[in-house]
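# A closer look at the structure
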Amino acid sequence: MSAVYGDISVETVLSEYDLIKRMAIERSIQNLILLVPAIVIVAFLWRTMWFLGGLAIFAILVYFVYQLLKGNL
């Protein structure tokens, strides 16, 4: 015997809840699968990222000193 509230039965709500729960689990697994290659790529490019970050900071500092010497700051 199922309880019916308006046009929606309890079974319909529970089956939709199970579907949403299953979709969330599948999405979580997909995110974990994508996270593994991302971590591997970051591990391989770690030194490159630090080098590029240092280069960017150096360029910003040079530009700042240039603007300072020009009298724009």
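These figures come from a predicted structure and were not determined experimentally.

It is worth spelling out the overall build of the protein at this point. Looking only at helices and strands, the protein features one helix and two strands. Secondary structure elements of the protein, listed N to C terminal, follow the sequence β-β-α. Counting only residues that meet the buried cut, the protein has 3% of its 73 residues in that class. Roughly 7000 Å² of accessible area belongs to the protein as shown, and the carbon and sulfur atoms make up 74% of that amount.

Here the protein shows a mean pLDDT of 83. Residues at 70 or above account for 81%. Helix H1 (residues 10–70) holds the highest mean pLDDT among the elements of the protein, 87, whereas strand E1 (residues 4–5) holds the lowest, 52.

Let's shift gears to the packing of aromatic side chains. One pass over the structure, following the stated rule, counts one aromatic pair. Look at tryptophan 46 and tryptophan 50: their rings are 6.1 Å apart centre to centre, the planes differ by 70°, and that puts the pair in the edge-to-face class. Highlighted residues: tryptophan 46 and tryptophan 50, both in helix H1, separated by four residues, approximately one helical turn.

Turning our attention to a nonpolar patch on the surface. Together, Val36, Val40, Ile41, Val42, Phe44, Leu45, Trp46, Met49 and Trp50 line one region of the surface with nonpolar side chains, adding up to about 960 Å² of accessible area. Secondary-structure assignment places valine 42 in helix H1. Given the relative accessible area of 36%, valine 42 is considered partly exposed.

Our focus in this paragraph is the environment of asparagine 72. Mapping asparagine 72 onto the fold places it in the segment after H1. According to the relative accessible area criterion, asparagine 72 is partly exposed, its value standing at 48%. Looking at asparagine 72, its side chain comes within polar contact range of the side chain of glutamine 67, at 2.8 Å.

It is worth spelling out the side chain of glutamine 67 at this point. Following the sequence through the fold, glutamine 67 ends up in helix H1. On the accessibility criterion, glutamine 67 (12% relative accessible area) is buried. Once you skip the residues sitting within four places of it in the chain, glutamine 67 turns out to touch Asn72 and Leu73.

Reading guide: rules and limits
Sequence order as written defines residue numbering, which begins from 1 separately in each chain. Note on the predicted model: pLDDT of at least 70 is required for a residue's local features to be given, and 80 or more for side-chain atom pairs to be given and counted; whole-chain, interface and lining totals, by contrast, use all residues. For side-chain calculations, the full set of non-hydrogen atoms in the structure is used, while hydrogens and water are omitted. We count a stretch as a helix when DSSP gives it H or I for four or more residues in a row; a strand needs E for two or more, and each element gets its number in order from the N terminus. Here the term buried applies to any residue with accessible area under 20% of the maximum for its type, exposed to any over 50%, and partly exposed to those in between, with areas from a 1.4 Å probe on protein chains only. All accessibility values rest on the Shrake-Rupley procedure with a 1.4 Å probe; residue burial counts only the protein chains present in the view. Each residue gets a pLDDT score, which is the predictor's confidence in that residue and runs from 0 to 100. What counts as a ring pair is set by centres within 6.5 Å for rings of Phe, Tyr and Trp (its six-membered ring), and what kind of pair is set by the plane angle: stacked under 30 degrees, edge-to-face over 60, tilted for all other angles. Patch membership needs two things, relative accessible area over 30% and no salt bridge, and members are linked within 9 Å if like-charged or within 5 Å if nonpolar (Val, Leu, Ile, Met, Phe, Trp, Tyr). Salt bridge criterion: a side-chain nitrogen from Lys or Arg within 4 Å of a carboxyl oxygen from Asp or Glu. Here a polar contact means two N or O atoms within 3.5 Å. Within protein one must be a hydrogen donor candidate and the other an acceptor candidate, and residues neighboring in sequence count only if both atoms are side-chain atoms. Note on contacts: a residue pair qualifies if any of its non-hydrogen atoms lie within 4.5 Å across the two residues.

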